[in-house]
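# Architecture at a glance
Listed below are the residues making up each chain.
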Amino acid sequence: MEFPRTRMRRYRKSEAIRDLVAETDVKPEDLVYPVFVREDGRRDEIDSMPGQRYHSVGSLIEEVGKLLDKGLKAFILFGVPEKKDPEGRSAADPEGVVQRAVRALKDEYGDEVVVITDVCLCQYTTHGHCGIVDEDTGKILNDPTLEVLAEVALSHAEAGADVVAPSDMMDGRVGVIRERLEEEGFDDVLIMSYAAKYHSAFYGPFREAAESAPEFGDRSTYQMDPRCLRQAMMEMELDVEEGADILMVKPALPYLDVIREARRRFDHPIAAYQVSGEYSMIKAAASEGYIDEKAAVLETLTSIKRAGADIILTYFAPEVVGWLSEGS
Ligand code: PBG
C-alpha cells in the first residue's frame, strides 16, 4: 500500500460508496429488548433509566405486538416480584410474574416472538444476592444455589420460554440447567449464558429498577474481575462444555476486547449486553445536549457488532428499530 496509488478517501466519496464498502451492519433482528414486568402491575417510569417504563403482563403484550410489527422480535424478561424470601424460591413459582408473562406472550404471538428469560435470584432474595447466603458467614453458597436455579429455568421453560439466560455467575449452573431441561423434555430450549459477566459499576440503574441491589457486600466473589480477559475465556470454555448455545459478554462497550477475543475463539453466537449504565449515560449526556443521541447510540451498537457480537441486548432497541425503518 502506498500513497498516492492507495487513497483511502476514495472509499468515502459518497454515501452510496460508503454503504457499498461498509463492513458492519446493525439490523433489527440482531437486537434483544430487555423489559421489566412488575407483579403489582404498576406502570411507572423507571427513574434511573429515562425513557424506560415498567410493564404489567397486559401492557407487555401490547408493547411487544407493536414492536413485532416494526421488526423487533426478541425480548428478555426481568421480573419485579412483590414478595422476596432468603432463598429466592418464588423465582420458580409457576404463577410468578415472569412465568405468566411468558405464557401470555407465547399464547399471543407463538413463534413470531423470541422470549428469553433472565434466570437469577437477586430480584427474589431478601438480601439481593444472586445465590443462597450462609447466614453465619455471609458467604454466597455456590452448589446449594444450583438446584434453585435449575428450578427457575425449568419453570420458565414450562411456561414456554425459547431461551433461558442464567446471569447469576455461580459455577456449574449451565450444566445443571442443561441436564434438568433434558430430563424434563425441554431439549429445544436454548441456553444463553451470561458467560463473561463482569463485576461492573454500570449495573447501577438496573439494580434500582429491578430492586435487586445487594443489602450487604457486593457481587465481587461471583462476578468477574474487570482486570481479567483470560478468565473470561475460561468461563466461556466451561459454559460451552456444560451445554451453552449462546455466549454473552456483559457489559458491552467497556469490554469490546472480550467480545473480540470470544469471537476469535468460539464458533458459537456471541451476544453482548449494553447494560443500564451504558444506556443511562447516553440518555443523560443527550438530555444535557452534550451529544447527539441517535448518532451516539448507532455508533456504540456498530462498535459492538464490529468487535464481533452477533446479538446485542439493548434498552435502545425500540428507538433503533424506529430509526432503521426510517431508512437512516
Ligand atoms: C441479575 C442481572 C443484572 C443485570 C442483568 N441481570 C444485575 C446485576 O448483576 O447486578 C444487569 C443489567 C443491566 O445493568 O442492564 N443478576
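Refer to the structure above for everything that follows.
These lines cover the structure that appears in this document, whether it is placed above or below. (Residues numbered from 1 in each chain as written. Predicted model: local features only at pLDDT ≥ 70, side-chain atom pairs only at ≥ 80, totals over all residues. Heavy atoms only, no water.)

## Re the state of the cysteines
When the sulfur atoms of two cysteines share a covalent bond, that bond is a disulfide. Taken as a whole and assessed by the stated rule, the structure comprises zero disulfides. Just so you know, Cys 122 is unpaired, no disulfide at all, and the nearest cysteine sulfur is the one on Cys 120, 3.9 Å from it. Free cysteine Cys 228: the closest other cysteine sulfur is in Cys 130, separated by 19 Å. (Disulfide = S-S within 2.5 Å.)

## Description of the layout of surface pockets
The computed volume of the second largest pocket comes to approximately 280 Å³. For the second largest pocket, the lining is made up of 15 residues, of which Met 169, Asp 171, Thr 221, Tyr 222 and Glu 235 are closest to its centre. In terms of residue count, helix 7 (residues 230-242) provides more of the lining of the second largest pocket than any other element does, four residues in total. Taken together, the residues of the lining of the second largest pocket sort by class into seven nonpolar, five polar and three charged. (1 Å grid on protein atoms, 1.4 Å probe; cavity = no way out; pocket = protein on both sides within 12 Å on 5 of 7 lines; lining within 4 Å. Points joined across faces, edges and corners; volume = space filled by probe spheres on them. Helix = DSSP H or I, 4+ residues; strand = E, 2+ residues; numbered from the N terminus. Nonpolar A, V, L, I, M, F, W, Y, C, P; charged D, E, K, R; others polar.)

## Digging into a positive patch on the surface
A cluster of basic side chains, namely Arg 7, Arg 9, Arg 10 and Arg 12, defines a positive patch on the protein surface. Position of Arg 10 relative to the elements: it lies in the segment before helix 1 (15-21). (Patch = residues over 30% accessible without salt bridge, like charges linked within 9 Å, V, L, I, M, F, W, Y side chains within 5 Å. Areas by Shrake-Rupley, 256 points an atom, 1.4 Å probe, with all protein chains shown as cover. Salt bridge = Lys/Arg side-chain N within 4 Å of Asp/Glu carboxyl O. Lys, Arg positive; Asp, Glu negative; His and termini not counted. Charge placed at Lys NZ, Arg CZ, Asp CG, Glu CD.)

## Some thoughts on the nonpolar core
Phe 36, Phe 75, Leu 77, Val 164, Met 192, Met 236 and Leu 313 are the most contacted members of the largest nonpolar core, which has 109 residues in total. Counting residues per element, this core draws most heavily on helix 4 (residues 142-159), at seven residues. (Core = buried A, V, L, I, M, F, W, Y, C linked by side-chain atoms within 4.5 Å. Buried < 20%, exposed > 50% of the residue type's maximum accessible area, 1.4 Å probe, protein only.)

## Things to note about the pairing of strand 8 (residues 246-250)
The element strand 8 is extensively covered by neighbouring structure, given that five of its five residues are classed as buried. The alternating pattern of strand 8 places Ile 246, Met 248 and Lys 250 on one face and Leu 247 and Val 249 on the opposite face, and all of these are buried. Sheet topology places strand 7 (residues 190-197) next to strand 8; four bridges connect them, and they run parallel. The partner of Ala 196 across the bridge, within strand 8, is Val 249. Strand direction decides the pairing type here: strand 8 and strand 9 (residues 270-274), joined by three bridges, are parallel. Note that in strand 9 the partner of Met 248 across the bridge is Ala 271. (Pairing = 2+ DSSP bridges.)

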